[in-house]
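# Breakdown of the fold
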Amino acid sequence: MREDGSIGVGVLGLGVIGSQVARVLLDQTERLAHQVGAPVVLRRAVDIDTAKLQASGLPGHLLTTDAADVVNSPEVDVVVELIGGVHPAMDLLTTALSQGKHAVTANKELMAKQGPELIELAEQNGVHLLYEASVGGGIPIIGPLKKDLLANEITSIYAIINGTTNYIVTKMSREGLDFDSALRQAQAAGFAESDPTNDIEGFDPAYKLAILASLAFHTRVRAEDVYREGISRLAPQDFQYADELGYAIKLLAIARCDDDVLSLRVHPALVPYEHLLARVDGVFNAIEIEGDLVGQVLFHGQGAGPLPTSSAVVGDTVEIARGIVSRSGSVRPGNFSREVSISPMEELTTSYYARLTVADHAGVLANITKVLGDLSISIASIIQKNADPTVRTAEIVITTHPAQERAVQEAFHQMEQIDVVKEVGSLIRVENWS
Ligand code: HSE
């Protein structure tokens, strides 16, 4: 706190989120001062890109291209990091925390990769590092995991935590679009980046799942512990056939903990329509947590965008500022010391949906069912779909009872070697909640 009783804030990164956060700090001074009990004052805002400084519309005296003006400034009590990525965000936050400044970040990649180290550094320096906006944009989820749900033994997280991919699968489902067309629409609407890899290949939700699972299971989960598959191989007919079977297709992020063994995965999944996650559409996110006391709770809302993200970032800033005013010390930010093991993906047991193009003549199904039977995979349904009489092929859709991933991958690998199987088009896991 400054001598004049105010709390100084510095913002690193003036993209759309940083500019919005700065705007809220400037426009809502009265509301924020009322919440905190002292003025919360934006003292510096930095971006190396001068075009972004100009586009931000912020008063010139606040702007700088030198991040050291923020992290070293004696006028700044709280550093808000909205640069994204690991470098230089890691170095800047390390400097800020080491100098006894509090910090707020929306950076999922950094928190997934270096979160526990940064949190420890904050603790050593008696300051806070808050990161509500790193998962689910404006949805309060980090706070509830750190506080409201602490009495629970959390057993599972099922989440839709990437708005871009949820927009794409919603388009494919509702409009029968192929993946490339739906992606182009997402880009045109400003929801997908020009290089969409981080979203469509599932890196972004894997980072977010690592953050959630670390908090929920009190351990250190790294992004590379999360099995990851993206959505680019989904075809429009998968949505149609899944619909006929009573399922939506969603990119799910799933973490389960059974007896200190964690399974962590991000992949497309068939979700039964009766489950609320099947009805989370467009850019919305939702996170379902199951605890032994609370049962299932669902958090739903806007997972990205300047306004929802600024809600979480400014909320964290206010919480820190209140702590400074009340001089309350560092509250333990979580315990990540539990020893767990990570279950290999091959040991997953779940049901599967597969779509194959096969030769359309007698005996073909017998070939296929033999492969499944030999690997102890029990078929739940098998349906012949579109036949093409000109080339004598047909599409068949198989669903299985719960089976082990290792056996299922082996079965479909073997099928690809059989003459009568022209293509294994899709193999998608089916999540049936018990
Ligand atoms: N790219 C992310 C999404 C938003 O599509 O959800 C930021 O986390």
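What comes next is a walk through the structure.

What counts, and where the lines are drawn
- Residues numbered from 1 in each chain as written.
- Predicted model: local features only at pLDDT ≥ 70, side-chain atom pairs only at ≥ 80, totals over all residues.
- Heavy atoms only, no water.
- Helix = DSSP H or I, 4+ residues; strand = E, 2+ residues; numbered from the N terminus.
- Rg over C-alpha atoms; globule rule 2.2 N^0.38 Å.
- Buried < 20%, exposed > 50% of the residue type's maximum accessible area, 1.4 Å probe, protein only.
- Contact = heavy atoms within 4.5 Å.
- Areas by Shrake-Rupley, 256 points an atom, 1.4 Å probe, with all protein chains shown as cover.
- Phe/Tyr/Trp six-rings, centres within 6.5 Å; stacked < 30°, edge-to-face > 60°.
- Lys NZ or Arg CZ within 6 Å of the ring centre and 35° of its normal.
- Axes fitted to C-alpha atoms, helices over the stretch in contact; angles between N-to-C directions.
- Parallel < 35°, antiparallel > 145°, perpendicular 65-115°, else oblique.
- Left-handed = near helix turned anticlockwise from the far one by under 90°.
- Nonpolar A, V, L, I, M, F, W, Y, C, P; charged D, E, K, R; others polar.
- 1 Å grid on protein atoms, 1.4 Å probe; cavity = no way out; pocket = protein on both sides within 12 Å on 5 of 7 lines; lining within 4 Å.
- Points joined across faces, edges and corners; volume = space filled by probe spheres on them.
- Domains from an automatic or database assignment.

## Re the overall build of the protein
- Looking only at helices and strands, the protein has 15 helices and 18 strands in total.
- The globule rule puts the C-alpha radius of gyration for 434 residues at 22 Å, and the 24 Å found for the protein is close to it.
- The C-alpha extent of the protein, read off along each of the three principal axes, is 85 × 45 × 35 Å.
- Scored against the burial criterion, the 434 residues of the protein give a buried share of 53%.
- If you take every contact in the protein between residues at least 6 apart in sequence, the share linking residues at least 24 apart comes to 74%.
- Entry remark: accessible area of the protein is about 18,600 Å², with carbon and sulfur atoms responsible for 49%.

## A look at the packing of aromatic side chains
- Following the criterion strictly, the structure yields one aromatic pair and no others.
- Geometrically, the ring pair formed by Y167 and F191 is tilted, given 4.8 Å between the ring centres and 55° between the ring planes. Residue Y167 is located in helix α8 (residues 163-175), and its partner F191 is located in the loop between α9 (179-188) and α10 (197-200); the two are separated by 24 residues in the primary sequence.
- Taking the relative accessible area as the measure of exposure, F191 reaches 35% and is therefore partly exposed.
- Between R228 and the ring centre of F203, over which it is positioned, the NZ or CZ distance is 3.7 Å.

## Description of the packing of helix α2 (residues 29-36) against helix α13 (residues 306-326)
- Remark: α2 packs on α13, axes separated minimally by 9 Å, with the N-to-C direction vectors making an angle of 45°. Taken as axis vectors, α2 and α13 run oblique relative to one another. The two elements α2 and α13 cross, and the hand of that crossing is right-handed. For the pair formed by α2 and α13, the contact residues are L32, Q35 and V36 on the first element and V314, V318, A321, R322 and V325 on the second.
- Counted by class, the contact of α2 with α13 contains six nonpolar, one polar and one charged residues.

## Concerning unusual backbone geometry
- Note that the residue after H87, namely P88, is joined by a cis bond; omega there is 10°.
- Position of P88 among the secondary structure elements: in the loop between β4 (78-81) and α5 (89-98).
- Residue D259 is not a glycine yet carries a positive backbone phi of 50°.
- You can see D259 is positioned in the loop between β9 (247-258) and β10 (261-272).
- Owing to a relative accessible area of 75%, D259 belongs among the exposed residues under this scheme.

## Examining empty space enclosed by the protein
- Counted according to the given criterion, the structure contains one cavity of 30 Å³ or more.
- Approximately 80 Å³ is the volume found for the largest cavity.
- Every residue along the wall of the largest cavity is listed here: M111, A112, G115, P116, I119, Y131, A210, I211, S214, L215, V221 and F336.
- Secondary-structure elements contributing two or more residues to the lining of the largest cavity are α6 (108-124) and α11 (203-217).
- In terms of residue count, α6 provides more of the lining of the largest cavity than any other element does, five residues in total.
- Its residues placed into classes, the lining of the largest cavity shows 10 nonpolar, two polar and no charged.
- Both domains that meet at the lining of the largest cavity, namely domain 1 (7-137 + 306-326) and domain 2 (143-301), each give it at least three residues.

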